[in-house]
Amino acid sequence: MANPLARAQYMLAAHTPRQLPPDGGFEVAFAGRSNAGKSSALNALCQQNALARVSKTPGRTQQLVYFELPQHENRFLVDLPGYGYAKVPLDLKAHWQAFLDKYFQNRQALRGLVVVMDIRHPLKDYDRHMLGYAVTRGLPAHALLTKADKLSRGATAAAVQAVKRDLAKDYGDTVSVQAFSGESKLGVDQARGVICSWLEIAPD
Ligand SMILES: Nc1nc2c(ncn2[C@@H]2O[C@H](COP(=O)(O)OP(=O)(O)OP(=O)(O)O)[C@@H](O)[C@H]2O)c(=O)[nH]1
Ligand SMILES: [Mg+2]
């Protein structure tokens, strides 16, 4: 059968909590530093080239962007604004911080968090902060180590092991870890499996 995420389509972009869809569905959010590859990962998972906007300019995704799965009611993928981008004006940063804090604390529909990190620069402070958010709320989290096409297979495996060991110290096995590439499509099926299980839909 077909990839259930392939029919994902843009639904809305929320700049304030009031613009979010009603909090009754199932959603999986994608967090990560600006330019980490969140939008590219979403596109690879959904087998679409231009679903989420990809850019060489950091700070491209500036809202909570919702994608819906038309054949599955109230199932959403959410592309979060990237963090850690120095050139975002301070007042906008504060706005995002407050919005994201509120979203993570209160959003009942949130079923799991994918934290997208460049496999060459994983587990920066804010990545840990996001993982901590999920674990504190009892939500599952998945560390997606992307741009693995930039490393050899050996270096990729070593990076995954290092991140696993590090996270196991703080979180036991509540955070899963994998290598990924939006470019080579490495790990796409594995990640899709995790997301579909959180959304309670069959992976294919
Ligand atoms: N080589 C390689 N490049 C990638 C991969 N994923 C993303 N990129 C590149 O990294 C840059 C940023 O990708 P985006 O997907 O826009 O990153 P983002 O995390 O959504 O960025 P913001 O929306 O700014 O937070 C783009 O130039 C992409 O082409 C990957 O798996 N491999
Ligand atoms: Mg983006």
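All of these numbers come straight from a predicted model, not from anything done at the bench.

Draft legend 1. Local environment of the environment of A6. Following the sequence through the fold, A6 ends up in the segment before β1 (9–14). Between the C-alpha atoms of A6 and A143, which are 137 residues apart in sequence, the distance is 22 Å. Aside from chain neighbours lying at most four places away, what touches A6 is C46, Q47 and Q48.

Draft legend 2. Up close: the packing of helix α2 (residues 90–106) against helix α3 (residues 125–136). Relative to each other, α2 and α3 sit at 30°, their axes nearing to 11 Å. The angle between the axes of α2 and α3 places the two elements in the roughly parallel class. Crossing hand, α2 versus α3: right-handed. Contacts from Q97, D101 and F104 of α2 reach α3 at Y126, M130 and Y133. The residue makeup of the contact of α2 with α3, split by class, is 4 nonpolar, 1 polar and 1 charged.

Draft legend 3. Quick peek at the side chain of N43. In this structure, N43 sits in helix α1 (residues 38–45). We classify N43 as buried; its relative accessible area is 5%. Here the side chain of N43 touches A52 through a polar contact of 2.7 Å, landing on its backbone nitrogen. Other than its neighbours up to four places away in sequence, N43 contacts Q48, N49, A50, L51, A52 and V54.

Draft legend 4. The arrangement of the environment of A109 in detail. Here A109 shows up in the loop between α2 and β5 (110–118). Using a relative accessible area of 1% as the deciding quantity, one classes A109 as buried. Along the backbone, A109 and R165 are 56 residues apart, and their C-alpha atoms lie at a distance of 30 Å. For A109, the residues in contact, after removing those within four places along its chain, are D23, G25, F26 and E27.

Conventions and cut-offs
Residues numbered from 1 in each chain as written. Chains lettered and ligands numbered in written order. Predicted model: local features only at pLDDT ≥ 70, side-chain atom pairs only at ≥ 80, totals over all residues. Heavy atoms only, no water. Helix = DSSP H or I, 4+ residues; strand = E, 2+ residues; numbered from the N terminus. Contact = heavy atoms within 4.5 Å. Axes fitted to C-alpha atoms, helices over the stretch in contact; angles between N-to-C directions. Parallel < 35°, antiparallel > 145°, perpendicular 65-115°, else oblique. Left-handed = near helix turned anticlockwise from the far one by under 90°. Nonpolar A, V, L, I, M, F, W, Y, C, P; charged D, E, K, R; others polar. Buried < 20%, exposed > 50% of the residue type's maximum accessible area, 1.4 Å probe, protein only. Polar contact = N/O pair within 3.5 Å; in protein donor to acceptor, adjacent residues only side chain to side chain.

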